[in-house]
Amino acid sequence: MSDSSDALGSQSCSSRLDSGFFEREVVDLARALIGCRLTREGVGGTIVETEAYREDDPACHAFRGQTPRNRSMFLEGGRIYVYRIHQSICVNLVCGPEGAGHAVLIRAIRPELGREEIAKRRGGRPEREWTNGPGKLCQALGITLADDGTCARTGPLRIEAGQAGACGSEPGAQIEAGPRVGISKAVDLPWRFRLL
DNA sequence: ACGATGATTGTCT
DNA sequence: GACAATCATCGTC
């Protein structure tokens, strides 16, 4: 909490991304989201790890068609898809036009805004474990199933452009692509992206 | 620090 | 009844 206040008013950079940003190839969106900022009610930080899930990919929840649980995946790009897994929940950004089933799973962020609130919600664990997993970051930001189907452009859960400018990571930032984690199908697709 | 393993709840077949 | 886009813990190096 020392001196992150630059001379440039950081608020001017906190523009939400428009719907066009979310209508593209889902693998490209997953990489473009690296470096963007995810916040909910003033708590959040920079996205550092994502995974792409395309509707024709066996590991994607939409692969077998629409069900009551995954219906949000078929809304228009920019919507939020939240689902529960075991005792945790995970957050995705829906991609593409309405009717498609593409989405990007947010796997990790850097805790930057509302750090005191995050520490409380994460039970006083070491900072390294605050938001370094899909379920952990949802707990840190207070994301619940009630956020499922909401819109990232108008709702409380927001996606903002990266600090460096238009969108995505800064020029020259190194992004590593690798296989996705925790799946048992299509394990060889390098659709996981991480900021180095 | 890293990798394997068990826990546990809702959803779909 | 089986499975899961995970997490926390325990074991070893």
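Remember, it's a predicted structure, so these values are computed and weren't measured experimentally.

The rules behind these values
Residues numbered from 1 in each chain as written. Chains lettered and ligands numbered in written order. Predicted model: local features only at pLDDT ≥ 70, side-chain atom pairs only at ≥ 80, totals over all residues. Heavy atoms only, no water. Phe/Tyr/Trp six-rings, centres within 6.5 Å; stacked < 30°, edge-to-face > 60°. Buried < 20%, exposed > 50% of the residue type's maximum accessible area, 1.4 Å probe, protein only. Lys NZ or Arg CZ within 6 Å of the ring centre and 35° of its normal. Near = heavy atom within 4 Å. Polar contact = N/O pair within 3.5 Å; in protein donor to acceptor, adjacent residues only side chain to side chain.

As enumerated under the stated definition, the model contains two aromatic pairs in all. Ring geometry for Phe 21 versus Phe 22: centroids 5.3 Å apart, planes at 85°, classification edge-to-face. The residues Phe 21 and Phe 22 share a single accessibility class, namely buried. Here Arg 24 stacks its cationic end above the ring of Phe 21, 4.6 Å away from the centre of that ring.

With that settled, consider the protein's contact with DNA strand B. Around DNA strand B, the neighbouring residues are Thr 67, Pro 68, Arg 69, Arg 84, His 86 and Gln 87. Backbone atoms, meaning sugar plus phosphate, form 71% of the atoms of DNA strand B positioned within 4 Å of the protein. Side-chain polar atom of Thr 67 to a phosphate oxygen of DNA strand B: 2.7 Å apart, as the coordinates give it. Within the contact set of DNA strand B, a phosphate oxygen lies 3.3 Å away from a backbone nitrogen or oxygen of Arg 69.

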